[in-house]
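Inside the fold
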Amino acid sequence: MDHSIRTSGPDSAQPHDGRLTSRLRARRRALAAGVAVAMALAGMFGLSVVRSAEAATVGAGGYADTLPAGRSLPAGCGSISTNPRQWVTANAPAGAVPTNDWWSSILYKRTDCSYGEPLHAHPISYDTFGTGLGFSYNTTPAISGTATGVGEYHYPYVQDILVGVAGLNSPDVKVDGWSDWTVTPYWSGGGRTMKATIGHGLPFAYFQVTGGDAQITTSGVPAVWSNSGATVGFTANGHDYVAYAPAGATWTVAGTTISSSLAGKGFFSVAVLPAGGDRAALANTYGQYAHAHVTGTRVSYSYNPAAGTLSTTYAFTTMARQGGASGTVIALYPHQWNHLTGSTPLAQTYTSARGQMKIITGTQFTTSMKYTGVLPEVPAVGDGAGADLATVTNLLNAELGNPMDNRGDDTYWTGKGLGRAARIAEIADQLNLTSVRDAALSAIRARLNDWFTASPGKTSRVFYLNPAWGTLIGYPASYGSDQELNDHHFHYGYYVAAAATLAKFDPGWAKAGQYGGMVDLLIRDANNYDRADTRFPYLRDFDIYAGHDWASGHGAFGAGNNQESSSEGMNFANALIQWGQATGNAAVRDAGVYIYTTQAAAIQEYWFDVRNQNFPAAFGHSTVGMVWGDGGAYATWFSAEPEMIQGINMLPVTGGHFYLGDDPAYVTTNYNELTRNNGGPPTVWRDIIWEFLALGDGDAALANLRANGALTPEEGESRAHTFHWIRNLAALGTVDTSITAGHPLAKVFSKNGARTYVASNITGTAITVTFSNGTVLNVPAGKTVASGAHTWSGGNAGGGTGPDPTPTPTPTPTPTPTAGPFAATRYLQAGGALPGVPGAAGNVVLTAANGNHDGTPVNAQVFTATGLTAPYNGAATAFDLLLDAGTTVANGVQARISYDLTGDGSWDRTETYRYFATDPVAGWEHYTQAAGLQSSSGTLGNLSGGRVRVEVWSAIGAGPTALGVGDRSLVRLPFG
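Residue numbers run consecutively from 1 along every chain, following the written order of its sequence. Where local features are concerned, this predicted model is filtered to residues with pLDDT of at least 70; where side-chain atom pairs are given and counted, the filter is 80 or more; whole-chain, interface and lining totals use all residues. With hydrogens and water stripped out, all remaining heavy atoms of the structure feed into the side-chain values.

**Thoughts on the overall build of the chain**
Selection criterion: Elements are defined by DSSP. Helices are runs of H or I of four residues or more, strands are runs of E of two residues or more, and each kind is numbered from the N terminus. This radius of gyration counts C-alpha atoms alone. The globule rule is 2.2 Å times how many residues there are, raised to the power 0.38. Here's how the labels work: a residue is buried when its accessible area is under 20% of the maximum for its type, exposed when over 50%, partly exposed in between, all with a 1.4 Å probe on protein chains only. Should any heavy atoms of two residues lie within 4.5 Å, those residues are counted as being in contact. Using a 1.4 Å probe, accessible areas were evaluated by the Shrake-Rupley method; residue-level cover was limited to the displayed protein chains. For the charge count, each Lys or Arg is scored as positive and each Asp or Glu as negative, with His and the chain ends excluded. Note on charges: their place is set at NZ of Lys, CZ of Arg, CG of Asp or CD of Glu.
The helix and strand inventory of the chain stands at 16 helices and 52 strands. The C-alpha atoms of the chain give a radius of gyration of 29 Å, which matches the 30 Å a tight globule of 976 residues would have. The buried share among the 976 residues of the chain stands at 62%. Partitioning the intrachain contacts of the chain with sequence separation of at least 6 by distance along the chain shows that 69% fall at a separation of at least 24. Approximately 30,800 Å² of the chain is accessible, and the part contributed by carbon and sulfur atoms is 50%. Distance between charge centroids for the chain: 5 Å, based on 56 positive and 70 negative side chains.

Below, the structure is given as structure tokens:
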């Protein structure tokens, strides 16, 4: 939850005669628009919509179409009307206006009644004034706080230049248009006009002006390093800029003013250059695109279930205002360039609050990411029998009376209760505790039916559709979800996820003629997946280019927009996958896969910085509680407790949150920071913290839980779910991201070299799930299956209104390849041997890098096995290397594994993995293949008298690192 309502500025609720008039007008507009919305819903879902004076029905449910008595609307600052379209021009797109974006403050007008707050687009930050558009390319972070307490880093807006029109004096800024990640502010005043198109990933800003000369005012006297005809290059505030005027124009420099008549053509562009290299040559390269103005941006994505991949294309539309060029200069965030396909970045890079931005040119780029699956719940492989079954049974039976454990009646706390009940229902079903399951489902059904039903005079547990803002608001609202449109994805994600669980067992309830239409409305409000539906903005809460959600509807902070609980954002994305799968809606499922997969990559980069490359070096933290437009903070809106700062990005713990364990070694890093900053183990939210720890070290998490069984659950958790999650992960091990599945509800786990394959079939027909290494699971209707003869109920196989009670024979999965005479698991030994049996525990020293050897072995420890003969089994290399850098800061260790398949002296396959950033805490850390391939060459085949070489070295850092040998470090070869 983001309590992002702490803003400065006038109180928007102060009475004002003009405001009352606008409210009456808005009410009339709402009544008229309610008819149109109801009719649209009828067409969309094939429903018969019945309206009263204050409610519209959607199937068996409905929403209020007039504001419930005593409830609040979205509003701007001071006495400004609640109609946001007063801040757009006639050129702006029809339909709902976007909110919750990086540029929202210039439209929402929450704190500045005329302009807005800084807009952190990256690599440039902007600010709007009556005289024009300010630019800031700040490459120096401001860091506050400590490395063991609350701390923040920001790249705050520090103005380099102001771009405008001589004589411009606009009383406000409006919005002339927008696209997926650009916006066009508009100024008019003093007989002058200006519009500027700016956006994420654009080093350029594009201008159209009338009534006067283009004018650039610099911070201090600029250092002009090039002024030739229509192009002027200059340095302001230590940063290099280039302004491009049309052919025939010139630039005049006088003091801190650079101006041009633009040869009367009325357009120009300004770009910031990255540091390094030949700036004159770079200015010429950029100049090829200077007059190809970006006029639109659009994302398209494609989920391939069979391959387990998500392909995303980011396209730029340009208009050549001079010449015939197309395309532009594009700066990519780390979550994009780490998954880039088919493009080669330039040598230079930009500094940003999100880390290094790499540069390409063109009209589009594409990323390819692996989707490694979600589950309705972790499977009961460890607590399905014996004493542990008795434990979880007792814990579940204790929930019969109140599975929601009601903590509040607003949208957020209702959602938390629904999420809690859904976990209980899923676990109870696995363990055949039908009375508990049905009690939880009944609680979910009753509460959702109440919220999804509107009637005249109803003011609580009701949703209201406001057409002026294009939003569905639940009342009682909380944390600014009404007046500021905060957190809708957080709140509604719990509703949709609980609805998905209910839909599995009661598919009739989820039909459009019952309550499915209301669930779809909640989805469309928070992140509308349908571009054709203009009642709601497209993907409201999800920043397409930044790759993650924003929580604040208005974004009116000096640091830009913010998001605290990335994991609650992922709860919404997972809910879309589960609901889409349960109802057969591929569009919703695929939107969920897109948001989920993209945001998981962004979280690894910007909340966790797992590669240790994005946070400023002096920040001192391995995670943040909040991401801001201009930085990040080891903090929350509501607590300074380390458990809550870190835990808010772990909860709720569900089968959609396995991404938190994609890098098991980082789990340990994150947990170690928590205990270090806390001065010891967690004392609050211990269940959440240990559930997270279980994704990296299930045995340690289980030991903690068994020693502290009486812990107080976090408000959305239960003792039953905590025990079930930790006990079963201790049995399953860690998630294996090297393997994908041809089904969205599937996952692979690995422990001690043994894999467990899990798939969930919530349909009424048996399915076969094939994994990327060839393993096959046959999954009966309505069941969850784990390889190793585990089968559970998982939904309504028979298509009725309840679960299928008929036992289903255990399936026989295609087995994981097993070891024969060939030993696939090899142990690193002192002296360089790589045998198939472990030796005595010990360690060898990796000497300090004292430089950057990323990708190139220097002073490596080398381990070799020869004379190997075995068939290639189609799997991928795996390894687990134990490392300890002691208290040395900023060390990184790297591994390369090479295969000579025939022993002829040439390497047929070489795999170099990304380096592992060790923490400055004494104790072993696990470096595994989850770090990901940095590069590879050649292909694998059968071994025939071949050899394998493992090289391990210090890639970065000024201190030595111990590498465990004997029985401590191993590599698993994909043979045999």
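**Focus: the packing of helix H15 (residues 698–707) against helix H16 (residues 719–732)**
Counted only if it meets this: Lines fitted to C-alpha atoms define the axes, with helix axes restricted to the stretch in contact, and inter-axis angles between N-to-C directions lie between 0 and 180 degrees. By the definition used in this description, the sense in which the near helix is turned from the far one sets the handedness, with an anticlockwise turn below a right angle giving left-handed and a clockwise turn giving right-handed. Residues were grouped as follows: Ala, Val, Leu, Ile, Met, Phe, Trp, Tyr, Cys and Pro as nonpolar; Asp, Glu, Lys and Arg as charged; and all remaining residues, including Gly, as polar.
At a minimum axis separation of 8 Å, H15 and H16 run at an interaxial angle of 140 degrees. Like other packed secondary-structure pairs, H15 and H16 cross with a definite hand, here left-handed. When H15 is examined against H16, the residues Gly698, Asp699, Ala701, Leu702, Leu705 and Arg706 are found in contact with a partner set consisting of Thr722, Phe723, Ile726, Arg727, Leu729 and Ala730. Class assignment of the residues belonging to the contact of H15 with H16 gives a composition of 7 nonpolar, 2 polar and 3 charged.

**Concerning the pattern of salt bridges**
Once the charged atoms of two side chains with opposite charge are near each other, the side chains can pair. For the record, the criterion: Salt bridges, as used here, are contacts in which a Lys or Arg side-chain nitrogen is within 4 Å of a carboxyl oxygen on Asp or Glu.
The tally for this structure, following the rule as stated, stands at 31 salt bridges. The closest approach of N and O atoms between glutamate 484 and arginine 110, which form a salt bridge, is 3.2 Å. Here arginine 110 lies in the loop between helix H2 (105–108) and strand E3 (119–120) and glutamate 484 lies in the loop between strand E28 (471–475) and helix H8 (488–505), a separation of 374 residues in the sequence. You'll find glutamate 484 and arginine 110 in the same group, each marked buried.

**Here's the deal with helix H6 (residues 411–430)**
For clarity, the threshold we go by: What a helix is expected to span follows from its residue count: subtract one and scale by 1.5 Å. As used in this structure description, the phrase polar contact means that two N or O atoms lie within 3.5 Å; if the pair is within protein, one of them must be able to donate a hydrogen and the other to accept it, and residues adjacent in sequence are counted only when both atoms belong to side chains.
Between its first and last C-alpha, H6 extends 29 Å over 20 residues, near the 28 Å set by a 1.5 Å rise per residue. Counting buried positions along H6 gives 20 out of 20 residues, so the element sits mostly inside the fold. Here H6 starts with a cap whose side-chain oxygen sits 3.0 Å from the backbone nitrogen of tyrosine 412, and that cap is aspartate 410. Looking one or two places after H6, you find asparagine 432, whose phi comes out positive at around 60 degrees.

**Focus on H15**
In plain terms, the rule: Picture the helix axis, draw a direction to every C-beta atom, and the arc is the one those directions span.
Turning to H15, its buried residues number three or more, namely Gly698, Ala701, Leu702 and Leu705. Burial along H15 is one-sided: seen end-on, the buried residues are contained in an arc of 100 degrees. Of the surrounding elements, those touching the buried residues of H15 are helix H14 (686–694) and H16.

**What to know about the nonpolar core**
Going by this rule: The nonpolar core is taken to be a set of buried Ala, Val, Leu, Ile, Met, Phe, Trp, Tyr and Cys residues, with the residues joined through side-chain atoms within 4.5 Å.
Among the nonpolar cores identified, the biggest contains 217 residues, and Phe135, Phe452 and Trp579 are the most heavily contacted of them. At 11 residues, the largest contribution of residues to this core is made by H8. If sequence neighbours within four positions are ignored, phenylalanine 452 has contacts with Gly61, Gly62, Phe463, Tyr495, Trp509, Tyr515, Met518, Val519 and Leu522. Ranked by size, the runner-up nonpolar core spans 32 residues in total, among them Val844, Ala865, Phe879 and Phe975.

**Here we look at the packing of aromatic side chains**
Given two aromatic rings, one states the distance between the centres and the angle between the planes to describe the pair. Let me state the cut-off plainly: To pair, rings of Phe, Tyr and Trp, with the six-membered ring standing in for Trp, must have centres within 6.5 Å; the planes then decide the type, stacked if under 30 degrees apart, edge-to-face if over 60, and tilted in the middle. Both a distance and an angle decide whether a charge sits over a ring: NZ of Lys or CZ of Arg must be within 6 Å of the ring centre and within 35 degrees of the ring normal.
Here the structure, examined in full by the defined rule, presents 54 aromatic pairs. Pairing phenylalanine 135 with tyrosine 241 gives two aromatic rings, centres 6.2 Å apart and planes at 80 degrees, and the pair type is edge-to-face. Taken as a pair, phenylalanine 135 in strand E5 (residues 132–136) and tyrosine 241 in strand E16 (residues 239–244) lie far apart in primary sequence, 106 residues in all. Look at phenylalanine 135 and you get buried, because its relative accessible area is 0%. Aromatic side chains phenylalanine 204 and tyrosine 206 sit 5.6 Å apart centroid to centroid with 20 degrees between the ring planes, which places their arrangement in the stacked category. Exposure remark for phenylalanine 204: the relative accessible area of 0% places this residue in the buried category. The rings of Tyr126, Phe135, Phe207, Phe234, Tyr241, Trp251 and Phe268 are connected pair by pair, giving a single aromatic cluster. Cation over ring: arginine 531 sits above tyrosine 538, and NZ or CZ is 3.9 Å from the ring centre.

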